[in-house]
There are 2 protein chains.
Amino acid sequence: MSPGGRRTGDSGTRSAVLAAAKRAFGEQGYGATSVRAVAREAGVDPSLVLHFFGSKDGLFEAALELPFDPSGLVPLLLAGGPVDQLGERVVRTFVGVWDAMPGQGPMLAMLRSAVSHADSADRLRALLLGVVFHPLARGAGAGDADADRRASLVASQVLGLAVARYVLHLEPLASSPADELVPLVAPTLQRYLTGDLEPPP
Amino acid sequence: MSPGGRRTGDSGTRSAVLAAAKRAFGEQGYGATSVRAVAREAGVDPSLVLHFFGSKDGLFEAALELPFDPSGLVPLLLAGGPVDQLGERVVRTFVGVWDAMPGQGPMLAMLRSAVSHADSADRLRALLLGVVFHPLARGAGAGDADADRRASLVASQVLGLAVARYVLHLEPLASSPADELVPLVAPTLQRYLTGDLEPPP
C-alpha cells in the first residue's frame, strides 16, 4: 500500500480483486456476482478487474484456484485428435487429472461443497457447463441450444464416474486403470457429444 | 421391558436390534459390521437378528430406513418388460422415485453423507451395488464377475444423473420430464447392462 492507503502495484491490486471475488462467488453464487460489485468491494474500477481477468468467467476461474486451467482444457481436447474420438480423450484427460491429484483433494472438496451449499453448486455448474462442456460441445459441432443438452449429459456421466471411482469406490471401476475405463465409458460420452439424440422437444 | 429388565415382545426386541444396527453401520461401516456384533450390542442371540431381518443385507436395508424397499425394486424392474428395455425402466423408476421425494431429501442426505464420511460411502456402495445393481445385472444375464463391472457402470450414470439434475441443476437435464430423459440416458444404461463391452482384462 502507498502511504495514503491506496493500493499500488499490480500484484497487490490483483490479490485484492481476487479476494473480493472469492468472497462474492462464495457467498452469493456465480449468477448473483457482478464484475462491478467485485470491483466496488475491492475498491478499484471495474475496468481494472477486466484488465486483470478478462471477463467474469476469467475472474471466476481464477477464484476457483484449480490446479489446471479449465478453459485451456477445451482447445486441448478439441485439437488432440479427430472429433469422433473426443469421448475417449475426455475420459483419459479427466481420469488422468483426478488420478494425479493426491487424494483427489480439490475435486472432492468442490463436490462436497456443491452437495451442501447452493452457491458452491452454482460455481461448479458454471465451471462444468460454462467453461468446459458447453464450449466442448460447441467445438464438436453442436448448435448453441443443443450444446446445453449435450453438455449436461456429458457432465452427468463425468460427475458420476468421479463419484463412483473416488467417493464410493465402486469396484472394479475404482481401481481400473484409465486404459480399461476408456472402452467402457468413452462411447457414452461420444454419443452425448456428437451422436444422434432424440430431437429436443 | 419385563420387570426383570429383559426385553419382551417382538417389537421391543426388533427396535433394539435396529437401533444397534444403525449405530454399528453408521460408526463402523458396512464391511466391518457383523450380525454377531449387532446381536451382542442389542443383548440378543444372533439367530434372533436373522429371524427378524433375514440376513445382514436385510438388516442393512432396514437400518437405511429408505422410503421404498430397494430389494423389491430389482424383481419389479426385471419383470416390468423385456430385458432390452431395462435401461428405460431404470431411468423411469429412479427419476420417478426421486422426483416424488419432497426436495429429494433422503437421496440428497445419503449423497451428502457419502461424500463426507467413509462409512456412509460404504453403506451407499453396499446399497447401490449389493442390493440393487449387481442383482439387476445378474438378472439381466450377466455372469457373476461381469455383473460387478456392469453394476458399477450403471451406478456411475445413475449417480451422475442425480447429481446433475438435483444437486447442480444442470439445464436442460434438471427440468426435463422423465419422458425426455429416457431416450437420452436409457441407451447408456442398456449398453452397460446388456450391451457388448470390451472383455474384462
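You'll find the structure just up there.
The present account deals with the structure reproduced in this document. No experiment lies behind these values; they were computed from the predicted model shown.

This paragraph deals with the overall build of chain A. Within chain A, the regular secondary structure consists of 10 helices and 0 strands. In sequence order, the secondary structure elements of chain A are arranged as α-α-α-α-α-α-α-α-α-α. Pairs at least 24 residues apart make up 64% of the contacts formed inside chain A by residues separated by at least 6 positions. When the accessible surface of chain A is summed, it comes to about 8700 Å², and 54% of that surface belongs to carbon and sulfur atoms.

Residue and element names in this part refer to chain A. Here the largest pocket defines a volume of roughly 150 Å³. Here the element with the most residues in the lining of the largest pocket is helix α10 (residues 178-194); it accounts for 4 residues. When grouped by side-chain class, the residues that make up the lining of the largest pocket number 8 nonpolar, 1 polar and 3 charged.

A separate point is the relation of the copies chain B and chain A. For the pair chain B and chain A, the superposition axis carries a translation of 0.0 Å, the fit reaches an RMSD of 0.1 Å, and the rotation angle comes to 180 degrees. Such a combination of turn and shift is consistent with a two-fold rotation axis. Considering only C-alpha atoms, the residue of chain B closest to the rotation axis is Gly160 of chain B, which sits at 1.8 Å. Most of the interface of chain B is mirrored in chain A: 100% of its interface residues are interface residues there too.

So, about the pattern of salt bridges. One side chain can pair with another of opposite charge once the charged atoms of both are near each other. Going through the model one piece at a time under the given rule, you end up with 16 salt bridges over all chains. With its nearest N and O atoms 2.7 Å apart, the salt bridge here joins Arg92 of chain A to Asp179 of chain A. You can see Arg92 of chain A sitting in helix α6 (residues 86-100) and its partner Asp179 of chain A sitting in helix α10, a full 87 residues away along the chain. Using a relative accessible area of 54% as the deciding quantity, one classes Asp179 of chain A as exposed. In this structure, the salt-bridge partner of Arg125 of chain B is Asp122 of chain B, at a minimum N-O distance of 2.7 Å. With Arg125 of chain B and Asp122 of chain B both in helix α8 (residues 118-139) and 3 residues apart, this pair spans about one turn of that helix.

To continue, consider the interface of chain B and chain A. Listed per partner, the contact involves 39 residues of chain B and 39 residues of chain A. Each partner contributes to the roughly 3400 Å² buried at the junction of chain B and chain A, and carbon and sulfur atoms together form 69% of this total. A per-residue breakdown of the area chain B buries against chain A is headed by Val115, Leu168 and Leu184 of chain B, which together make up 20% of the total. At the boundary of chain B and chain A, one finds 14 residue pairs in polar contact (both at pLDDT 80 or more).

All names here are of chain A. Along helix α2 (residues 35-42), the positions that sit buried rather than exposed are Val35, Val38, Ala39 and Ala42. Across the axial projection of α2, the buried residues extend over an arc of 100 degrees, all falling on one side. In α2, those exposed residues whose orientation departs by more than 90 degrees from the buried face are Arg36, Arg40 and Glu41. Remark: Gly43 follows α2 within two positions and exhibits a positive phi of approximately 70 degrees.

Definitions and cut-offs
- Within each chain, residue numbers correspond to sequence positions counted from 1 in written order.
- Labels are handed out in written order, letters beginning with A for the chains and numbers beginning with 1 for the ligands.
- With the structure being a predicted model, the display of local features is reserved for residues of pLDDT at least 70 and the display and counting of side-chain atom pairs for 80 or more, all residues being used for whole-chain, interface and lining totals.
- Hydrogen atoms and water are omitted, and side-chain values are computed over all heavy atoms in the structure.
- Labels follow the DSSP assignment, with helices taken as runs of H or I lasting at least four residues and strands as runs of E lasting at least two, numbered in each case from the N terminus.
- Contacts were defined at the residue level, with two residues in contact if any of their heavy atoms lie within 4.5 Å.
- Every accessible area reported is derived by Shrake-Rupley at a probe size of 1.4 Å, with residue values counting cover from the shown protein chains alone.
- Of the grid points, spaced at 1 Å and generated over the protein atoms alone, those admitting a 1.4 Å probe that cannot get out make up cavities, while open sets with protein on both sides within 12 Å along at least five of seven lines make up pockets; any residue with an atom within 4 Å of a point is treated as lining.
- Grid points are joined across faces, edges and corners, and a volume is the space filled by probe spheres set on the points.
- Put simply, Ala, Val, Leu, Ile, Met, Phe, Trp, Tyr, Cys and Pro go in the nonpolar bin, Asp, Glu, Lys and Arg in the charged bin, and everything else, Gly too, in the polar bin.
- For this overlay, a least-squares fit was computed on C-alpha atoms, restricted to residues scoring pLDDT of at least 70 in both copies.
- Between Lys or Arg on one side and Asp or Glu on the other, a salt bridge is scored when a side-chain nitrogen of the former is within 4 Å of a carboxyl oxygen of the latter.
- Whether a residue is buried, partly exposed or exposed follows from its accessible area with a 1.4 Å probe, protein chains only, as a fraction of its type maximum: under 20%, in between, or over 50%, in that order.
- Summed over both partners, buried area is the accessible surface (1.4 Å probe) that two parts give up on being assembled.
- N or O atoms within 3.5 Å of each other form a polar contact, as long as, within protein, one can give a hydrogen and the other can take it, and as long as residues adjacent in sequence are counted only when both atoms are side-chain atoms.
- The arc under discussion is defined with respect to the helix axis, by the directions toward the C-beta atoms.

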